[in-house]
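Coordinates in review
Listed below, chain by chain, are the residues.
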Amino acid sequence: RLPGGRLLPIDSKWPAAAALQALAETEDPGQRKAHRDTVARELRLRVREVARYVDPERTLSLAVLAVPDAACAAAPEALAEGWG
């Protein structure tokens, strides 16, 4: 809760930890792409979910999605979509 009574939605769930771990452990280009695709898909889902937390009457006009640095590095294009 912020001064003035507004809320700042913050979400830090990251269910794709296994995909990030597998990405870090494999050197195979095909498997790396598959794991990056999984991370990107999950990141896009999380961005859409957190966007639904924004309520003009109760919250700021933004929300915070905290994800591992490795997810940002694996799928920067998906993260950039959240800034829209």
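Located above this text is the structure these notes cover.
Analysis parameters
Residues numbered from 1 in each chain as written. Predicted model: local features only at pLDDT ≥ 70, side-chain atom pairs only at ≥ 80, totals over all residues. Heavy atoms only, no water. Helix = DSSP H or I, 4+ residues; strand = E, 2+ residues; numbered from the N terminus. Rg over C-alpha atoms; globule rule 2.2 N^0.38 Å. Expected span 1.5 Å × (residues − 1). Buried < 20%, exposed > 50% of the residue type's maximum accessible area, 1.4 Å probe, protein only. Polar contact = N/O pair within 3.5 Å; in protein donor to acceptor, adjacent residues only side chain to side chain. Core = buried A, V, L, I, M, F, W, Y, C linked by side-chain atoms within 4.5 Å. Contact = heavy atoms within 4.5 Å. Lys, Arg positive; Asp, Glu negative; His and termini not counted. Salt bridge = Lys/Arg side-chain N within 4 Å of Asp/Glu carboxyl O.

1. Regarding the overall build of the protein
Broken down by element type, the protein carries 4 helices and 2 strands. Listing each helix as α and each strand as β along the protein from the N terminus yields β-α-α-β-α-α. The globule rule puts the C-alpha radius of gyration for 84 residues at 12 Å, and the 15 Å found for the protein is more than 25% above it. In terms of its C-alpha atoms, the protein occupies a principal-axis envelope of roughly 50 × 20 × 15 Å.

2. Comments concerning helix α2 (residues 29–51)
With 23 residues, α2 ought to run about 33 Å at 1.5 Å a step, and its terminal C-alpha atoms sit 33 Å apart, in line with that. All buried positions along α2 are accounted for by Val-39, Ala-40, Glu-42, Leu-43, Arg-46, Val-47 and Val-50. The backbone nitrogen of Gly-30 lies 3.1 Å from a side-chain oxygen of the residue at the head of α2, namely Asp-28.

3. Notes on the nonpolar core
Counting 13 residues, the largest nonpolar core has Trp-14, Val-39, Leu-43, Ala-71 and Ala-75 as its most contacted members. Listing elements by their share of this core, those giving two or more residues are α1 (17–25), α2 and α3 (69–74). Ignoring sequence-local partners within four residues, the contact set of Trp-14 consists of Leu-20, Val-39, Glu-42, Leu-43, Arg-46, Val-67, Pro-68 and Ala-71.

4. Let's talk about the environment of Leu-79
Topologically, Leu-79 is positioned in helix α4 (residues 76–81). Distance in space between the C-alpha atoms of Leu-79 and Arg-44 is 7.3 Å, their sequence separation being 35 residues.

5. Points about the side chain of Glu-42
Among the secondary structure elements, Glu-42 is positioned in helix α2. At 4.5 Å, Arg-46 is the nearest oppositely charged side chain to Glu-42, a buried residue that forms no salt bridge. Apart from residues no more than four positions distant in its own chain, Glu-42 is found in contact with Trp-14, Pro-15 and Ala-16.

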